Each structure stands twice: as C-alpha cells, then as structure tokens.
Amino acid sequence: MVEIKRRKTDRRTLYTIRVIKDAFIKLVKEELYSKVTITQICREADITRSTFYLHFTSITDVLNAVLDDGPIFGSRFNYRVRHG
C-alpha cells in the first residue's frame, strides 16, 4: 500500500482497508486476477472510487497489501492467483 498522505490510522481506516482487501480476495477467487477491476472492488466493498484511491493506488497495490498480511494470507487466500 502506497501512502499518499500521512493519515491517522483509526478504526474506520483499518475497517475500510480490510473491506477492500476482502473484496479483492473474493473477486480473485471468482475470476482471473487480470480481469478484476477497481470498479468491481468498489462495488463489492460498498465504497466509492475516491475512497479506494485514498488507501490504494492500484489493484496491484491491493495485492501487495494482501500478500504483506503474511500468515493471514495462508488461511484466507488458500488458492493460487490465476493470471489470464
């Protein structure tokens, strides 16, 4: 996750980042990584695009944040990311 502005990390921010990651994981389970769009992530997470861009710069940025979760990754993301 690229930090655009230095922001206080409060519960709302942590919640928003979590729902974005969860939406990303759900979508990648359903279709190829290369087919997932920011619009789909925003719809699934029930957020606006501006909220997405407040926390992430791209889908790859979300993927990196999910991978950075380390041990959590193994239990929540226990399948191979399919590339198309």
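Quantities reported herein were computed from a predicted structural model and do not represent experimental measurements.

Visitor: Honestly, helix α2 (residues 38-45) in this entry has me stumped. Any pointers?
Guide: Listing the buried residues of α2 in full gives Ile 38, Ile 41, Cys 42 and Ala 45. Each buried residue of α2 lies within a common arc of 100 degrees when the element is viewed along its axis, so the set occupies one face. Along its buried surface, α2 packs onto α1 (11-30), α3 (49-55) and α4 (59-68). Asp 46 sits one or two residues past α2 and shows a positive phi near 60 degrees.

Visitor: Please explain the confidence of the model for the protein as it appears in this structure.
Guide: As a general rule, the predicted coordinates of low-pLDDT regions are not to be interpreted in detail. Predicted confidence across the protein gives a mean pLDDT of 83, with 73% of residues reaching 70 or more. The secondary structure element of the protein with the lowest average pLDDT is helix α5 (residues 71-76), at 52, and the one with the highest is α2, at 98.

Visitor: Quick question: what am I supposed to make of the packing of aromatic side chains here?
Guide: The way to describe two aromatic rings as a pair is by their centre distance and the angle between their planes. Applying the stated criterion across every chain yields a total of 3 aromatic pairs. With a centroid separation of 5.3 Å and an interplanar angle of 90 degrees, the aromatic rings of Phe 52 and Tyr 53 are classed as edge-to-face. Exposure remark for Tyr 53: the relative accessible area of 33% places this residue in the partly exposed category. Note on Phe 52 and Phe 56: the rings are 5.9 Å apart at their centroids and 35 degrees apart in plane angle, and the pair reads as tilted. We classify Phe 52 as buried; its relative accessible area is 0%. Feature note: the residues Phe 52, Tyr 53 and Phe 56 constitute an aromatic cluster, connected by ring pairs.

Visitor: I'm lost on the nonpolar core in this one. Help?
Guide: Within soluble globular proteins, side chains that are nonpolar tend to cluster in buried spots. One finds Ile 20, Phe 24, Ile 41, Phe 52, Phe 56 and Val 62 to be the most contacted residues of the largest nonpolar core, which totals 22 residues. Breaking this core down by element, the ones donating at least two residues are α1, α2 and α4. In terms of residues, this core owes the most to one element, α1, which gives 8 residues.

Visitor: How should I be thinking about the packing of α1 against α2 in this particular structure?
Guide: If you want to describe how two helices pack, look at the angle between their axes and the distance between the axes. In contact at an axis separation of 8 Å, α1 and α2 are set at 115 degrees when each is read in the N-to-C sense. Considering the relative orientation of α1 and α2, their crossing is right-handed. In contact with Val 19, Ile 20, Ala 23, Phe 24, Lys 26 and Leu 27 of α1, α2 contributes Gln 40, Ile 41, Glu 44 and Ala 45. Classifying every residue of the contact of α1 with α2 by side-chain character gives 7 nonpolar, 1 polar and 2 charged.

Criteria and thresholds
Residues numbered from 1 in each chain as written. Predicted model: local features only at pLDDT ≥ 70, side-chain atom pairs only at ≥ 80, totals over all residues. Heavy atoms only, no water. Buried < 20%, exposed > 50% of the residue type's maximum accessible area, 1.4 Å probe, protein only. Helix = DSSP H or I, 4+ residues; strand = E, 2+ residues; numbered from the N terminus. Arc of directions from axis to C-beta. Contact = heavy atoms within 4.5 Å. pLDDT = per-residue confidence, 0-100. Phe/Tyr/Trp six-rings, centres within 6.5 Å; stacked < 30°, edge-to-face > 60°. Core = buried A, V, L, I, M, F, W, Y, C linked by side-chain atoms within 4.5 Å. Axes fitted to C-alpha atoms, helices over the stretch in contact; angles between N-to-C directions. Left-handed = near helix turned anticlockwise from the far one by under 90°. Nonpolar A, V, L, I, M, F, W, Y, C, P; charged D, E, K, R; others polar.

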